[in-house]
Amino acid sequence: MISVSISDIHNNCIKINSQIKINGWIKSKRDSKIGLSFIHVSDGSHIFDLQVIAKKNLKNYFSEILKLSTGCSICINGKLIFSTGKKQKYELLADKIKIFGWIKNNNTYPISPKKHTLEYLRDVSHLRSRTNIISSISRIRNSVLHSMHNFLFEKKYFWIPTPIITSIDAEGSGSMFTISSKKNISTKKNIQKDYNSKYFFSKKVFLSVSGQLTLETYSSSLSKVYTFGPIFRAENSNTSRHLSEFWMLEVETSFHILQDIIIFSENLLKNIFSYVLKINEEEIFFLSNYLKTDLKNRLLSFIKNGFIIIEYKEAIKILNKFYNFSNKKIIFGHNLSSDQEKYLSEKYFKSVIVIINYPKDLKAFYMKLNKDKKTVAAMDVLFPYVGEIIGGSEREDQLFKLDQRMLEMQLNKEDYWWYRDLRKYGTVPHAGFGIGFERLLMYITGINNIRDVTPFPRTVNNANF
Ligand code: 4AD
Ligand code: MG
């Protein structure tokens, strides 16, 4: 007997009348008075569950099947038949049902067949992937990951795993988590006088805030590289779009300038959106109904229209003219608030926008200074409803200019000696960007709190599970 997944059945990969075996969890069950039960089973492989018909002639019908409830895990052997009901194409006529796990106490099982709020589900993160909403997001997440790697592979980019444990601040912003492990010094002989030698790595180390700087070492030889990994930021921002631990795709390309990475990232996103629309049509439909948002149109509209590009100085002109603030005007050098960013993308342009050429003091030390000596060749890609999803720039490739920026930002250039070496030995113009994976998922799924697209979110005051 072949074991199949429910997605194989719904995708018409299994012949009708085949004897098959499926495993899964009960979503809901209905018993009729005539000794017939309809059990809806899900194995998470597809948004639709499978209706199993259990008749009273089953050996354990009265002793077990009638007692089954939502959440029980079972294995069914049976024949795949066309359903006579209108709601589904196929159903499974059970010959044998084996119970793996019962629900010990129905009154305490947190996931009932009714619709739960996303806030409620956050408290039961260990069980929430059993709901249609969270499992749909999970399947879309997988498609995004797959299409991202595929796109880069096809464009002949090399994947480089960059370190998570680091001794430098890649963004120069000081929001790093410190790793505090010390060496296990047990004998007197091993005790050394040097303070640093107490640390496991003989120096202070942190969790990485970006893989970019180490990635640049490989773009300086392999030309086209990317990394995808967990990022840790100790920012005290308890908002709906900040995590302390998130994932970032970082792409770095030698001989690219700002215009190239704008085009490249736009194509990458178009590719991801098209893939999701193709592979996850049902999930997008389900989420659109659930959230009352037309996600298909959102994704198609980006595929058709792409980015609108504006300069930072244009952005502040627009805000000063049209944005309704009670207090002072924005002047060159001010950071844009998330509300101002939202106004620009959601209300003014009604589009995904790329703001370029920010004042140098608003941005990281490694960004390339423009000819005006006031701005850097940077881009922030701002999405309606979510805000910034991509940050990128050309990199400063001249050593003396890089040193000058480090000095201005009070960074110790000795700490970045190997990064500076890249500017000493065969430096090249290059550029790169980072995409916040969870924020991208928020835009694709229409979910407006980052905690709901992240299996186990870590935020200020919260590291549950
Ligand atoms: O703009 P950021 O800070 O850029 C960098 O770290 C660069 N080194 C990337 C590069 O050029 N290789 O972060 C990039 C993206 C942001 O646009 C945002 O989407 C996401 O990472 N991000 C966060 N996502 C969730 N929670 C947070 N606390 C985030 N901080 C940044
Ligand atoms: Mg940024």
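Residues numbered from 1 in each chain as written. Chains lettered and ligands numbered in written order. Predicted model: local features only at pLDDT ≥ 70, side-chain atom pairs only at ≥ 80, totals over all residues. Heavy atoms only, no water.

### As for the site of ligand 1
Then comes step 1: E171, Q212, R233, E250 and E388 are the nearest of the 24 residues found near ligand 1.
Then comes step 2: A distance of 2.9 Å separates a nitrogen atom of ligand 1 from a polar side-chain atom of E235.
Then comes step 3: With respect to ligand 1, the side chain of Y366 contributes an N or O atom lying 3.3 Å from a nitrogen atom.
Then comes step 4: In the complex, 93% of the free accessible area of ligand 1, which totals 620 Å², lies under the protein chains.
Then comes step 5: At the level of secondary structure, the elements contributing two or more residues to the shell around ligand 1 comprise β12 (245–254), β16 (387–394) and β17 (430–436).
Then comes step 6: The element contributing the most residues to the shell around ligand 1 is β16, with five residues. (Near = heavy atom within 4 Å. Polar contact = N/O pair within 3.5 Å; in protein donor to acceptor, adjacent residues only side chain to side chain. Areas by Shrake-Rupley, 256 points an atom, 1.4 Å probe, with all protein chains shown as cover. Helix = DSSP H or I, 4+ residues; strand = E, 2+ residues; numbered from the N terminus.)

### Concerning helix α8 (residues 312–322)
Quick reminder: α-helices carry 3.6 residues per turn. Residues three or four places apart thus point the same way.
Then comes step 1: Of the positions making up α8, those classed as buried are Y312, A315, I316, I318, L319 and N320.
Then comes step 2: Elements in contact with the buried residues of α8: β13 (308–311), α9 (338–348) and β14 (353–359). (Buried < 20%, exposed > 50% of the residue type's maximum accessible area, 1.4 Å probe, protein only. Contact = heavy atoms within 4.5 Å.)

### Some details on helix α4 (residues 212–222)
Then comes step 1: For α4, the complete set of buried residues consists of Q212, L213, L215, E216 and S219. Across the axial projection of α4, the buried residues extend over an arc of 145 degrees, all falling on one side.
Then comes step 2: Lining the buried residues of α4 we find β11 (224–232), β12, α11 (417–424) and β17.
Then comes step 3: Of the residues one or two after α4, S223 is the one with positive phi, at around 70 degrees. (Arc of directions from axis to C-beta.)

### Notes on unusual backbone geometry
Then comes step 1: A positive phi angle is found at S202, which is not glycine, with a value near 60 degrees.
Then comes step 2: Along the chain, S202 turns up in the loop between β9 (178–179) and β10 (205–207).
Then comes step 3: One non-glycine residue with positive phi stands out, namely N461, at about 65 degrees.
Then comes step 4: Note that N461 resides in the segment after α12 (437–445).

### Some details on the domain arrangement of the chain
Then comes step 1: Split into domains, the chain comes out as domain 1 (2–109) and domain 2 (128–452).
Then comes step 2: Listed as interface residues are nine residues of domain 1 and, on the opposing side, eight residues of domain 2.
Then comes step 3: For the domain 1 face of the interface with domain 2, the top three residues by lost area are K27, I47 and Y109, together amounting to 64%.
Then comes step 4: The interface formed by domain 1 and domain 2 holds zero salt bridges in total.
Then comes step 5: The interface formed by domain 1 and domain 2 holds four residue pairs in polar contact (both at pLDDT 80 or more) in total. (Domains from an automatic or database assignment. Buried area = accessible area lost by both parts, 1.4 Å probe. Salt bridge = Lys/Arg side-chain N within 4 Å of Asp/Glu carboxyl O.)

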